[in-house]
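The residues making up each chain are set out below.
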Amino acid sequence: MANDRPADSFTAARRAMIDSQLRVSGVNEEAVLVAVTNVAREAHVPAEAQAHAYIDRAVPLGNGRSIAAPLFYGRLLTEVIPQASDRILVVDSGSGYLPALARQFGASVDVVEPAAAASGTGDYTLLLIDGAVEEIPAGLANRLADNGRVGTGIVERNVTRLAVGRKTAGEVALMPVVEMGIPVLPEFAKAKGWSF
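Residues numbered from 1 in each chain as written. Predicted model: local features only at pLDDT ≥ 70, side-chain atom pairs only at ≥ 80, totals over all residues. Heavy atoms only, no water.

With that settled, consider the overall build of the chain. The number of helices and strands found in the chain is 5 helices and 8 strands. Its helices and strands in sequence order give the chain the pattern α-α-β-β-α-β-α-β-β-α-β-β-β, from N to C terminus. Projected onto its principal axes, the C-alpha coordinates of the chain cover approximately 50 × 40 × 30 Å. Counting over 196 residues, the chain shows a buried share of 46%. (Helix = DSSP H or I, 4+ residues; strand = E, 2+ residues; numbered from the N terminus. Buried < 20%, exposed > 50% of the residue type's maximum accessible area, 1.4 Å probe, protein only.)

Let us now look at the packing of aromatic side chains. Aromatic ring pairs are described here by two measures, namely the spacing of the ring centres and the angle between the planes. Taken as a whole and assessed by the stated rule, the structure comprises 2 aromatic pairs. Here the aromatic rings of Phe 72 and Tyr 73 are separated by 5.1 Å at their centres, their planes lie at 70°, and the arrangement is edge-to-face. One exposure class covers both Phe 72 and Tyr 73, and it is buried. The cationic tip of Arg 41 hangs over the ring face of Tyr 97; the distance from NZ or CZ to the ring centre is 5.2 Å. Across the ring face of Tyr 124, the terminal group of Arg 87 is positioned such that the distance to the ring centre comes to 4.6 Å. (Phe/Tyr/Trp six-rings, centres within 6.5 Å; stacked < 30°, edge-to-face > 60°. Lys NZ or Arg CZ within 6 Å of the ring centre and 35° of its normal.)

Attention now goes to unusual backbone geometry. Working note: non-glycine residues mostly have negative phi, and peptide bonds are mostly trans. Even without glycine at this site, Asn 63 takes up a positive phi of about 55°. Among the secondary structure elements, Asn 63 is positioned in the loop between β1 (59-62) and β2 (65-67). Non-glycine residue Asn 147 carries a positive phi angle of around 75°. Looking at Asn 147, the relative accessible area reads 45%, which means it is partly exposed.

With that settled, the discussion passes to the nonpolar core. The biggest cluster of nonpolar side chains holds 41 residues, and the ones touching the most others in it are Val 36, Phe 72, Tyr 73, Ile 88, Leu 101 and Leu 128. Where this core is concerned, the elements lending two or more residues are α1 (7-22), α2 (30-38), β1, α3 (70-80), β3 (87-91), α4 (97-103), β5 (124-133) and β7 (159-168). Ile 129, Leu 140, Ala 141 and Phe 188 belong to the second largest nonpolar core, which has 15 residues in total. (Core = buried A, V, L, I, M, F, W, Y, C linked by side-chain atoms within 4.5 Å.)

Before going further, it helps to examine the side chain of Gln 50. Mapped onto the elements, Gln 50 comes out in the loop between α2 and β1. One polar contact links the side chain of Gln 50 to the main-chain carbonyl oxygen of Glu 42, over a distance of 3.0 Å. (Polar contact = N/O pair within 3.5 Å; in protein donor to acceptor, adjacent residues only side chain to side chain.)

Assignment of secondary structure puts Thr 152 in strand β6 (residues 144-156). At 3.4 Å, the side chain of Thr 152 and the backbone oxygen of Gly 131 are in polar contact.

With that settled, consider the sheet that holds β6. Within the open sheet, the 6 strands sit side by side as β4-β3-β5-β6-β7-β8. Their pairing is mixed. If you trace the sheet from one side to the other, it starts and ends with β4 (108-112) and β8 (171-179), each paired once. Strand after strand, the sheet turns through a mean of 20° between neighbouring axes, direction not considered. Bridge count between β3 and β4: 5 bridges; the pairing is parallel. For Arg 87, the partnering residue across the bridge sits in β4 and is Ser 108. (Pairing = 2+ DSSP bridges. Axes fitted to C-alpha atoms, helices over the stretch in contact; angles between N-to-C directions.)

Below you can see the structure in the form of structure tokens.
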């Protein structure tokens, strides 16, 4: 995406984001900071939003999608710490930012859109979801190897939280880590049932 700002102004904005948003919120894992330093966030937003790429909130991408605030990605990667030996499946919200960050760890990374996430096969050791979900569909959970790790956002009663988990005995269990604003992925909404 073309921009009129000099590259060094984006580099300065990225450094300020790391120092004033990530480090002060507990994101100090060196591998995560290197990944965030190496990936140009402004390349993952529309050209007209590049000046806002490093603000501490979600940036609209169009089509009802947003790239989450930088803190979501920093905390997500800090909680799961991808390894070079991982086979990672990223459910991408449309920005390509999370897959680009995951590749910085030297792991094998496959990317899928939310609408297609529950179909397919794989023995992935790490599942990363770029957004908040009400549930992880069985088809998506089946793509994760037993003892595989999960990093995602979850939404419960309209509150979004970062969550991590693991697949054991064929089931994915998630544990909320911290409440934060995370764009919701409507493809992962729970089926509405009767209530009295």
